[in-house]
Amino acid sequence: MSPYRLALRTLMLGRTRSVLAIVLIGASLCVLDLFAGNIASTRAGIEYQAVIGERMGHLTVIPAASAGEPRLFGPEEAERARAVLARVKGIALVVPEISVAGIAATAERSATFGGQGMRVPDESVVPGLQGAPGKLQPGVSNGIAISQAKARALALRVGSPLTLTAAVADAAPRHVMAQVVDVYALPGRDDNVRSLLMPLELAQDLLNTDRSERFVVFLSDPDQLEQQRTVVMAALRKAGVGAEVRTWQELSQAYMRARSASDLAFDSIAGMVFAVIAATIAATMSINALERRREVATLRALGMRSHSVFLMLVTEALGMAVAGVAVSLVASGVIAWIINRVTVQEETQRAFALPMPVELDVNRMMMAVVTVLAVTLMAALVPAFKAARGNIAAALAA
């Protein structure tokens, strides 16, 4: 008498209590999977906002600080770093940048700005970058892109001229004439995204320098973020370039806040879900063992050993957990598909590469499956042990 076949037979009978336990396990895991999917979607949205919306890229290469003070890449060092990055496989685009701040003025108005000078990128090589706010025209050396809020403050529109002034340390203020080539909407708050974009050479002219502040790196496969970071650091070190490589996650304050809050929320929900599953398994197996004590005693009388009875009941509990997991995977997939289908228009999704409202987190789902099986095993141990060690004569006489 195989304990495993007996456990399977018991499950196939479809007793109401066991079916309810399977449904409850599946529903609990489905809630956890969808919650994890919402967290994954939120993080994907933050990633899109940081990497594309704020033009942070996947990796940022900055000069190593000298004596604790930040510094800039010199022309030769910048060219060497650019050449190294160009040879690294998996890098789709490298954009040198420099930050610039100052005053933007028209004939009637003026306002301070925080800007970014960058080499005009080939946006077609990075999926989704075409949707980034602010477009520069390669043929217009003094063309700038300005945010809508700053354009309203200065009464500017596409084609309007303005004067940019930047304060340079230990030098007279620099003035350049610029022309608005694009007015863009910020994807977030004004303090998250720079309000003015300009060609790198124009920003360097404003700052009276030929140096670069950083290289923003876009990867072909964002899932290889840490691996690519290690490769880039090794390549720069081998070429003698003193630089640090930081990920968008380290530079995005919004991501760090969201990650801390979501991890705490997920751990709390997961703890409650696993507690419910453990209680369900323990209660179901205890009642089943009590109701089937004559059956178990008969099997023992016919020669089944106590450890086989123990294995039979534990296998039965694990079978309920596996069935519940299967129910949860199917239900989670169907519900997520319905939510995404109803909420998001497919054409918009493809055009802007935005995350879906629910992006099922496969890693968290598999971890939940393993945890549920472990919790089920522990919850079934005591009822199975008691049933296996029960008195045969007393059980048959009951």
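Residues numbered from 1 in each chain as written. Predicted model: local features only at pLDDT ≥ 70, side-chain atom pairs only at ≥ 80, totals over all residues. Heavy atoms only, no water.

Draft legend 1. Examining the overall build of the protein chain more closely. Counting secondary structure elements, the protein chain contains 13 helices and 9 strands. Counting across all 398 residues of the protein chain, residues that qualify as buried make up 44%. In the protein chain, the proportion of contacts linking residues at least 24 apart, taken out of those at least 6 apart, comes to 79%. Of the roughly 20200 Å² of accessible surface on the protein chain, a fraction of 60% belongs to carbon and sulfur atoms. Across the protein chain, the mean location of the 38 positive side-chain charges is 11 Å away from that of the 33 negative side-chain charges. (Helix = DSSP H or I, 4+ residues; strand = E, 2+ residues; numbered from the N terminus. Buried < 20%, exposed > 50% of the residue type's maximum accessible area, 1.4 Å probe, protein only. Contact = heavy atoms within 4.5 Å. Areas by Shrake-Rupley, 256 points an atom, 1.4 Å probe, with all protein chains shown as cover. Lys, Arg positive; Asp, Glu negative; His and termini not counted. Charge placed at Lys NZ, Arg CZ, Asp CG, Glu CD.)

Draft legend 2. Region of interest: the side chain of Thr-376. Topologically, Thr-376 is positioned in helix α12 (residues 362–388). Since its relative accessible area comes to 0%, Thr-376 is described here as buried. A distance of 2.8 Å separates a polar atom in the side chain of Thr-376 from the backbone oxygen of Val-372. Discounting chain neighbours no more than four positions away, the residues touching Thr-376 are Ile-277, Ile-281, Ala-317, Leu-318 and Ala-321. (Polar contact = N/O pair within 3.5 Å; in protein donor to acceptor, adjacent residues only side chain to side chain.)

Draft legend 3. A look at the pattern of salt bridges. Applying the stated criterion across every chain yields a total of 17 salt bridges. A single salt-bridge network, built from bridges that share partners, covers Arg-43, Arg-259, Asp-263, Asp-361 and Arg-364. (Salt bridge = Lys/Arg side-chain N within 4 Å of Asp/Glu carboxyl O.)

Draft legend 4. How the structure looks around the environment of Thr-112. Tracing the chain through its elements places Thr-112 in strand β3 (residues 110–118). The exposure class of Thr-112 is exposed, given its relative accessible area of 57%. Once the C-alpha coordinates of Thr-112 and Pro-96 are considered, the two residues, 16 residues apart in sequence, prove to be 24 Å apart. Dropping the residues within four chain positions of it, Thr-112 is found in contact with Gly-102, Ile-103 and Lys-150.

Draft legend 5. Broad picture of the packing of aromatic side chains. Overall, the coordinates contain 2 aromatic pairs when judged by the stated rule. Taken together, a centroid distance of 4.8 Å and an interplanar angle of 65° make the contact between Trp-248 and Tyr-255 edge-to-face. In this structure, Arg-364 packs its charged tip against the face of Phe-266, placed 4.3 Å from the ring centre. (Phe/Tyr/Trp six-rings, centres within 6.5 Å; stacked < 30°, edge-to-face > 60°. Lys NZ or Arg CZ within 6 Å of the ring centre and 35° of its normal.)

Draft legend 6. Highlighting the nonpolar core. Counting residues in each nonpolar core, the largest one holds 38 residues, and the members touching the most others are Val-61, Phe-218, Val-232, Leu-236 and Trp-248. Excluding residues that lie within four positions of it along the chain, Trp-248 makes contacts with Ile-46, Glu-47, Ala-50, Val-51, Met-56, Gly-57, His-58, Leu-225 and Tyr-255. Within the second largest apolar cluster, 37 residues are counted, among which are Met-285, Leu-313, Val-314 and Ala-379. (Core = buried A, V, L, I, M, F, W, Y, C linked by side-chain atoms within 4.5 Å.)

Draft legend 7. Examining the packing of helix α2 (residues 16–53) against α12 more closely. Put simply, α2 and α12 touch, their axes get as near as 10 Å, and they point 155° apart. When the axes of α2 and α12 are compared, the pair comes out roughly antiparallel. At the point where α2 passes α12, the crossing takes the right-handed sense. Between α2 and α12, the residues in contact are Leu-29, Leu-32, Asp-33, Ala-36 and Arg-43 and Arg-364, Met-365, Ala-368 and Val-372, respectively. Among the residues making up the contact of α2 with α12, the classes are represented as 6 nonpolar, no polar and 3 charged. (Axes fitted to C-alpha atoms, helices over the stretch in contact; angles between N-to-C directions. Parallel < 35°, antiparallel > 145°, perpendicular 65-115°, else oblique. Left-handed = near helix turned anticlockwise from the far one by under 90°. Nonpolar A, V, L, I, M, F, W, Y, C, P; charged D, E, K, R; others polar.)

Draft legend 8. View of the pairing of strand β5 (residues 161–166). Across 4 bridges, the pairing between strand β2 (residues 91–105) and β5 is antiparallel. Among the inter-strand pairings, Ile-103 is bridged to a residue of β5, identified as Thr-165. Pairing analysis gives 6 bridges linking β5 to strand β6 (residues 174–184), with the strands arranged antiparallel. What sits directly across from Leu-164, in β6, is Val-176. (Pairing = 2+ DSSP bridges.)

Draft legend 9. Highlighting the side chain of Thr-60. Mapped onto the elements, Thr-60 comes out in strand β1 (residues 59–63). Looking at Thr-60, its side chain comes within polar contact range of the main-chain oxygen of Met-56, at 3.4 Å. Setting aside residues up to four positions removed in sequence, Thr-60 forms contacts with Arg-214, Phe-215, Glu-244, Val-245, Arg-246 and Leu-251.

Draft legend 10. Seen up close, a nonpolar patch on the surface. Where nonpolar side chains cluster on the molecular surface, the patch consists of Val-330, Val-334, Trp-337, Ile-338 and Val-342 and spans about 530 Å² of accessible area. By the secondary structure assignment, Val-342 is in helix α10 (residues 306–343). (Patch = residues over 30% accessible without salt bridge, like charges linked within 9 Å, V, L, I, M, F, W, Y side chains within 5 Å.)

Draft legend 11. Representation of the packing of helix α1 (residues 3–12) against α10. Between α1 and α10, whose axes approach to 8 Å, the crossing angle comes to 45°. By the angle class used here, α1 and α10 are oblique. Crossing hand, α1 versus α10: right-handed. Contact with α1, carried on its side by Pro-3, Tyr-4, Leu-6, Ala-7, Thr-10 and Leu-11, involves Ser-308, Leu-311, Met-312, Thr-315, Glu-316, Gly-319 and Met-320 of α10 and no other residues of that element.

Draft legend 12. Molecular detail of unusual backbone geometry. Positive phi, close to 55°, is recorded for Arg-55, a residue that is not glycine. Assignment of secondary structure puts Arg-55 in the loop between α2 and β1. Positive phi values are uncommon outside glycine, yet Asn-208 reaches one of about 55°. Structurally, Asn-208 is set in the loop between α5 (200–207) and β8 (214–219). Judged by relative accessible area, which is 47%, Asn-208 ranks as partly exposed.

Draft legend 13. Just the confidence of the model for the protein chain, in detail. On average, residues of the protein chain score 86 in pLDDT, and 91% of them are at 70 or above. Within the protein chain, the lowest mean pLDDT, 46, falls on helix α11 (residues 346–352), and the highest, 95, falls on β8. Residue range residues 346–352 is modelled with pLDDT below 50. Its contacts to residues more than four positions away, or to other chains, number 7 contacts. (pLDDT = per-residue confidence, 0-100.)

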